Amino acid sequence: MTDYQSQKIRNISFIAIIAVFFIHTLPQDSNRLSWVCFMQHLIHTVSNFAVPFFFIISGYLFFMSKDSIKNVSIGIKKRIRTLGIPYILWCLLFLLQIWIASFFKEPNREYFAALNEGDIIDFIYHTFFGPLPYAFHLWYVRDLLGLVALSPLIFLCQRKHPLVFLLIVIVICGLLKIIPWLSWPLTWFSLGSYFAFSKRDLLELRQKWIGVVMLIGYIGITAWLISNGMFTTADRWYAFPVILLGVIGIWNTYDIIGIHRHIPGYLTEQTFFLYCAHVPFLTIIATILFPIVKGHSVLEGFAYFFPALITCCVLVIIARWWQRLNRHSNLSSTIYKYLTGGR
C-alpha cells in the first residue's frame, strides 16, 4: 500500500465518522422550512455509506497480506487486542455514563433490569453480545469481531475463487439477507477481502469522472427514495446496490477534488476515538441545543447539523489534550492505549 492510499483511507474514514454522527442525529422536522427538513433527511440517509465503507476497509486491510491460515491466526490475535479490549472497555464506560446520568434525570431502567433481577448472565449478554449492545453505536465493532472470528473460513472459501465467493455472498447476504445478524456486515467485509485476494486496487475506476457520476447518482437516487418514503436501511434489498454506488463514487471522487490536501493529520488520527466516544456528547449537545433553537425558524431548520460538528470539535480537543498528557503520564498513556487499541 502506498502512502497516498494509506492517507486516502484515513481521510475518507474521518469523513465517514462525521457521517456516522449525522446518522445518530435525528432530523428535526419543521413545517416552516420544508426544504431544509428534506435536506436533513437526505444527509441523514446519504450518510449510510459510512458503516459499509468501514467494513470494506476492514476486510481489505485484514486480508491484504494474509497468504496462510497461520497469518490469519496472527491477524485474529492482533484484532482481539486492537478491537476486543477497547470494545469491552467502551461498553463498560457506556454503562458508567448511564449510571452517572441517573443521578440527574429519570434513569432508563432497561439497562440494569437484568442486573437488578440477579440475572448476571442476561446482563452480560445484553451488554456485549445482544442483537444490539447497550452501547448501541458499538455494534460495528461487535460485528467486526464476529467477522474476524470467521476469517479462517472466509480465507479458505475465498482464496481460490474470490469473485465466485463474493457473488454468492452478495446474493445470499447482500440482497436476500438469508443469514441472520451477519448478512449486512459479511457482504461488505467480503467485498473488501475480494480486493485483497484478487490483488486489485481497492474500488478504483480507470475513469475517475465515472466516480463523480456515481456519487451524483447516489445522492439523486437517495433523494428519490426519501421523497417516496423509502430508505437505505440494511433490511431493504435495494440498499446494497444503492450504497455500493455511493461508496465507489466517494472513493473515486476523492482523487479528483484532492481533499487529501485539506484534512489535517491531527483530525484523521482521532477517528477511532471519535467513533467510540461520540454518543454521550452528541446526545447531550442535541438535548441542550434543540429546545434552545425551537421556535427560531432559521436556527431550528439548521440545528440538525450543529450537534455533529460541535461533538467533533469537542472530542478532537479532548483527544489532543489527552495525547499531550500521555507524554508526561504513563498511566494516562496506558489508559488511552487500551481505549483506542494502540491507535
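In the block above lies the structure referred to throughout.
Residues numbered from 1 in each chain as written. Predicted model: local features only at pLDDT ≥ 70, side-chain atom pairs only at ≥ 80, totals over all residues. Heavy atoms only, no water.

Colleague: Can you help me understand unusual backbone geometry in this one?
Modeller: Peptide bonds are trans in most cases, and residues, glycine excluded, mostly fall at negative phi. Its identity as a non-glycine residue notwithstanding, K177 has a phi of 55°, on the positive side. Tracing the sequence through the fold places K177 in the loop between α9 (162–175) and α10 (183–198). With a phi angle near 60°, L203 is a residue other than glycine that sits in the positive phi range. Inspection of the secondary structure assignment puts L203 in the loop between α10 and α11 (208–227). Look at L203 and you get buried, because its relative accessible area is 4%. (Helix = DSSP H or I, 4+ residues; strand = E, 2+ residues; numbered from the N terminus. Buried < 20%, exposed > 50% of the residue type's maximum accessible area, 1.4 Å probe, protein only.)

Colleague: Before we go on, may I ask you to explain helix α3 (residues 50–63) in this structure?
Modeller: Think of an α-helix as turning once every 3.6 residues; residues three or four places apart then point the same way. For α3, spanning 14 residues, the distance from its first C-alpha to its last is 20 Å, which sits close to the expected 20 Å at 1.5 Å a residue. The element α3 is extensively covered by neighbouring structure, given that 13 of its 14 residues are classed as buried. (Expected span 1.5 Å × (residues − 1).)

Colleague: Which parts of the structure should I look at to understand the nonpolar core?
Modeller: Soluble globular proteins: nonpolar side chains tend toward being buried together. Judged by nonpolar contacts, the single largest core of 95 residues is most densely connected at F49, F53 and F63. Ignoring anything within four residues of it in the chain, the contact list for F63 reads V72, S151, I154, F155, F189, S193, A196 and F197. Of all hydrophobic cores here, the second largest spans five residues; its members include A286, L289, F290 and V293. (Core = buried A, V, L, I, M, F, W, Y, C linked by side-chain atoms within 4.5 Å. Contact = heavy atoms within 4.5 Å.)

Colleague: Before we go on, may I ask you to explain the side chain of K66 in this structure?
Modeller: Structurally, the position occupied by K66 is in the loop between α3 and α4 (69–101). Within the local environment of K66, its side chain forms a polar contact with the backbone oxygen of F62, the two atoms lying 2.6 Å apart. For K66, the residues in contact, after removing those within four places along its chain, are L61, N71, V72, G75, F155 and F197. (Polar contact = N/O pair within 3.5 Å; in protein donor to acceptor, adjacent residues only side chain to side chain.)

Colleague: For this particular structure, what's the right way to read the pattern of salt bridges?
Modeller: In a structure, side chains of opposite charge can pair up when their charged atoms sit close to one another. Enumeration according to the criterion identifies seven salt bridges in this entry. Between K8 and E204 there is a salt bridge whose closest N-O contact spans 3.2 Å. Taken together, the positions of K8 in helix α1 (residues 3–23) and E204 in the loop between α10 and α11 put the pair 196 residues apart, joining distant regions of the chain. Using a relative accessible area of 0% as the deciding quantity, one classes K8 as buried. D255 serves as the salt-bridge partner of K208, at 2.9 Å between the closest nitrogen and oxygen. Highlighted residues: K208 in helix α11 and D255 in helix α12 (residues 239–257), separated in sequence by 47 residues. (Salt bridge = Lys/Arg side-chain N within 4 Å of Asp/Glu carboxyl O.)

Colleague: I'm lost on the packing of helix α7 (residues 139–149) against helix α8 (residues 151–158) in this one. Help?
Modeller: Contact geometry for α7 and α8: axes closest at 4 Å, N-to-C directions at 55°. Between α7 and α8, the angle is such that the two are oblique. Residues L147, V148 and A149 of α7 lie in contact with α8, whose contacting residues are S151, P152 and I154. Residues of the contact of α7 with α8, tallied by class, amount to five nonpolar, one polar and no charged. (Axes fitted to C-alpha atoms, helices over the stretch in contact; angles between N-to-C directions. Parallel < 35°, antiparallel > 145°, perpendicular 65-115°, else oblique. Nonpolar A, V, L, I, M, F, W, Y, C, P; charged D, E, K, R; others polar.)

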